[in-house]
Amino acid sequence: MAEKVEREWVVTEFAGVDLGDERLNRRLIVLAGDLGGQPTAPINEASRDWKAMKAAYKFFANEQVEAEAILAPHQERTLERLRGHAVVVAIQDTTFLNYNHHPATTELGPIGGKQRGLVMPSTLAATPQGLPLGLLTQQMWARREAGEAEGQGSVSRPRPKESAKWLAALEESFTLVPEEIRLVTIADREADIFEFLVTADDVGAEYVIRAVQDRRVQGEADRLWACVARQPVAGQVTVELAAKPKQPARTATVDVQVATVRLQPPQRPADDEAVWWEPLTVWAIWLHESAPPPDVTPVEWLLVTNIPLATWQDTLERIAWYCVRPTIEGFHRVLKSGCTVEDCRLKSADRLTRSLTLMSVIAWRLFWLTHINRQTPDAPCTTILADHEWKALYATIHRTDRLPDTSPSVRQAVRWIAQLGGFPGRKRDGEPGMTVIWRGWSRLTDIAHLYLILHPSKDEGNS
């Protein structure tokens, strides 16, 4: 029957899940199908019936279910998607989940601005062209209350020193990914801590991060920024800038200056044993906009990397890798807006953590759908849809029961999904964005289920 059919991608993505109980494994597949089919809906609305809703709440309340075990099969599929890519960027970033409007939820912590919620650092693997391949790492915790000592708190999972999240994600990513794949960690200014740079060199991990610390440079009277600014302009490059509050998206032409420097470590011991760090060699790339348009903030990025820069082409490559960093911000937008995770009303932070881990995989899938449409538009739509899904989609859009002999392309299918979500679909409209795609995805779920009811003998076995 149609109500028992799960999305093919869910079955594939969570294959091999081990929650310690086969019944829990099966329940996760059902949950992923229900919530993935209605990503904008709350649990009670997305669940197929009252029994499924009750089972969903029971699943998230089950202390036997570990968030790490929910994520594990997705990590395995992510590693499989990495194969065939010579270079993969591992983008680290942190988002804060606000549950201020759910005061009954326990075990939350302060996240700034009188808000309460959870801290969620993640590492998203992507190609150098920005195709999101999946999550390599994810952590979640509630910050300690003011005056609360280290190690205290009501949340069962430990609360690490916050700066340690960058090191932990770096080491976990480097350990997970096979040696034959070149993995380059990308991060913004929050990751510019000396421990991160030291750890990367110690484990042999490559990185490109944006600097914020104007550190002392060995053998120089000036600090980092001034040392790079003394170098001649190596060339110019055009970068794409995402929209910001009161500033639309734009392109900027920036001057580029490059220097090799030896950074002096901070004037403090590295740990309780008073082991002092040695100076580190890094390559610095300063991008700055000398003639910005009026009423905009000029671009000024100082990137540091432990990957040698021998040529101008090397420099352009490192800049291009860093420019993929906003990809993870897009993932966070899908998680919050497309999957409405901050509207979830579960009783505790631990329950939210299990739910958020599952919804992160679903958010990745929606995000991937947008990018695969732009990067491989001519692939068959069976890349993204089950057989009955694309047939239901075609029949609905064209209002016909006559189906083509071959499946349409990814681009055409995604545009049709977006049309279900309100996208006009005219030639001049360009490619659909994330919002209309996740709206259309929810509608497609109901349409595909109805199609299976009407065509059980023909398509149920393919799903």
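The rules behind each value
Residues numbered from 1 in each chain as written. Predicted model: local features only at pLDDT ≥ 70, side-chain atom pairs only at ≥ 80, totals over all residues. Heavy atoms only, no water. Helix = DSSP H or I, 4+ residues; strand = E, 2+ residues; numbered from the N terminus. Rg over C-alpha atoms; globule rule 2.2 N^0.38 Å. Buried < 20%, exposed > 50% of the residue type's maximum accessible area, 1.4 Å probe, protein only. Contact = heavy atoms within 4.5 Å. Areas by Shrake-Rupley, 256 points an atom, 1.4 Å probe, with all protein chains shown as cover. Lys, Arg positive; Asp, Glu negative; His and termini not counted. Charge placed at Lys NZ, Arg CZ, Asp CG, Glu CD. Patch = residues over 30% accessible without salt bridge, like charges linked within 9 Å, V, L, I, M, F, W, Y side chains within 5 Å. Salt bridge = Lys/Arg side-chain N within 4 Å of Asp/Glu carboxyl O. Pairing = 2+ DSSP bridges. Core = buried A, V, L, I, M, F, W, Y, C linked by side-chain atoms within 4.5 Å. Expected span 1.5 Å × (residues − 1). Polar contact = N/O pair within 3.5 Å; in protein donor to acceptor, adjacent residues only side chain to side chain. Phe/Tyr/Trp six-rings, centres within 6.5 Å; stacked < 30°, edge-to-face > 60°. Axes fitted to C-alpha atoms, helices over the stretch in contact; angles between N-to-C directions. Parallel < 35°, antiparallel > 145°, perpendicular 65-115°, else oblique. Left-handed = near helix turned anticlockwise from the far one by under 90°. pLDDT = per-residue confidence, 0-100.

Asker: Go over the overall build of the protein with me, naming the residues and quoting the values.
Answerer: When helices and strands are counted, the protein shows 15 helices and 10 strands. Over its C-alpha atoms the protein spans a radius of gyration of 24 Å, differing by no more than 12% from the 23 Å that the globule rule assigns to 463 residues. Once the C-alpha set of the protein is aligned to its principal axes, its extents read approximately 80 × 55 × 45 Å. Across the 463 residues that make up the protein, the buried fraction comes to 53%. The long-range fraction of contacts in the protein, counting pairs at least 24 apart against all pairs at least 6 apart in sequence, stands at 65%. Accessible area of the protein: about 21,600 Å², with a carbon and sulfur share of 50%. Averaging the locations of the 53 positively and 60 negatively charged side chains of the protein gives two centres separated by 7 Å.

Asker: A description of unusual backbone geometry should follow, citing residues and the corresponding values.
Answerer: Despite not being glycine, threonine 340 has its phi angle at roughly 45°, a positive value. One can find threonine 340 in the loop between helix H10 (326-338) and helix H11 (349-375). Unusually for a residue other than glycine, arginine 399 sits at a positive phi of about 55°. Here arginine 399 lies in the loop between helix H12 (387-398) and helix H13 (410-420).

Asker: Describe a nonpolar patch on the surface, listing the residues and the values that go with them.
Answerer: A contiguous nonpolar surface patch, about 320 Å² in accessible area, is contributed by Leu450, Ile453 and Leu454. Within the secondary structure layout, leucine 454 lies in helix H14 (residues 434-454).

Asker: Go over the pairing of strand S2 (residues 109-112) with me, naming the residues and quoting the values.
Answerer: Bridge count between S2 and strand S3 (residues 115-126): three bridges; the pairing is antiparallel. By the bridge assignment for S3, glycine 112 is matched with glutamine 115. Count of turn residues in the S2/S3 antiparallel hairpin: two residues, of which glycine 113 carries a positive phi of about 60°.

Asker: Residue-level account of the nonpolar core, with values.
Answerer: The biggest cluster of nonpolar side chains holds 112 residues, and the ones touching the most others in it are Leu287 and Leu358. Per-element tally for this core: the top contributor is H11, with 14 residues. For leucine 358, the residues in contact, after removing those within four places along its chain, are Phe14, Leu28, Leu31, Ala32, Leu35, Phe60 and Ile70. Leu170, Leu197, Val282 and Val304 belong to the second-largest nonpolar core, a separate cluster that totals 29 residues.

Asker: Quick rundown of H12? Include the residues and the values.
Answerer: Along its 12 residues, H12 runs 17 Å from first to last C-alpha, staying within 8% of the 16 Å computed at 1.5 Å per residue. Every buried residue of H12 is accounted for by Asp387, His388, Glu389, Trp390, Lys391, Ala392, Leu393, Tyr394 and Ala395. Backbone geometry just after H12 places arginine 399 at a positive phi near 55°.

Asker: Give a description of the side chain of glutamate 289 that names residues and reports values.
Answerer: With respect to the element layout, glutamate 289 can be found in the loop between strand S9 (280-288) and strand S10 (300-305). According to the relative accessible area criterion, glutamate 289 is buried, its value standing at 9%. Polar side-chain contacts of glutamate 289 include one of 2.9 Å to the side chain of arginine 250. Residues in contact with glutamate 289, not counting those within four places in the same chain, are Arg250, Ala252, Thr253, Val254, Thr297, Pro298 and Val299.

Asker: Provide a residue-level description of the pattern of salt bridges, including the pertinent values.
Answerer: What the rule picks out here adds up to 18 salt bridges. Put simply, arginine 250 and glutamate 289 hold a salt bridge, and the shortest N to O gap is 2.9 Å. Highlighted residues: arginine 250 in strand S8 (residues 250-263) and glutamate 289 in the loop between S9 and S10, separated in sequence by 39 residues. Judged by relative accessible area, arginine 250 falls into the buried class, the value being 15%. Between arginine 325 and glutamate 329 there is a salt bridge; the shortest N-O distance is 2.5 Å. Residue arginine 325 is classed as buried on the basis of its relative accessible area of 7%.

Asker: Which residues make up the packing of aromatic side chains, and what are the values?
Answerer: In this structure the tally under the stated criterion is six aromatic pairs. Taking the centre distance of 5.5 Å and the plane angle of 80° together, the rings of tyrosine 394 and tryptophan 416 count as edge-to-face. Here tyrosine 394, found in helix H12, pairs with tryptophan 416, found in helix H13; they are 22 residues apart in sequence, far enough to count as distant. Relative accessible area serves as the criterion here: at 17%, tyrosine 394 is assigned to the buried category.

Asker: Outline the packing of helix H2 (residues 22-37) against H11, listing residues and values.
Answerer: It is at 10 Å that the axes of H2 and H11 come closest, and there the two elements cross at 55°. Compared by their axis directions, H2 and H11 come out oblique. For the pair H2 and H11, the crossing hand works out as right-handed. Contacts between H2 and H11 involve Leu28, Leu31, Ala32, Leu35 and Gly36 from the former and Leu358, Met359 and Ile362 from the latter.

Asker: So what's going on with the confidence of the model for the protein? Which residues, and what values?
Answerer: Close reading of the predicted structure is inappropriate where its pLDDT is low. Residue-level pLDDT values for the protein average 89, and 92% of them are 70 or greater. Of all the helices and strands in the protein, helix H15 (residues 456-459) carries the lowest mean pLDDT, 56, while strand S6 (residues 206-210) carries the highest, 98. In the predicted structure, residues 151-156 sits below a pLDDT of 50 and forms 12 contacts with residues beyond four places in sequence or in another chain. Low pLDDT (under 50) marks residues 458-463, which in the prediction has 16 contacts with non-local residues, meaning those over four places away or in another chain.

Asker: Go over the environment of tryptophan 321, please, and point to the residues and values.
Answerer: Tracing the backbone shows tryptophan 321 in helix H9 (residues 312-322). Taking the C-alpha atoms as reference points, tryptophan 321 and threonine 78, 243 residues apart in sequence, are found 19 Å from one another. Once you skip the residues sitting within four places of it in the chain, tryptophan 321 turns out to touch Val87, Val89, Pro128, Arg182, Val184, Ile186, Val208 and Ile307.

Asker: Could you give an account of the environment of leucine 385, naming the residues involved and the relevant values?
Answerer: Relative to the helices and strands, leucine 385 is located in the loop between H11 and H12. Owing to a relative accessible area of 3%, leucine 385 belongs among the buried residues under this scheme. Apart from residues no more than four positions distant in its own chain, leucine 385 is found in contact with Trp390, Leu393, Ala413, Ile417, Trp441 and Leu444.

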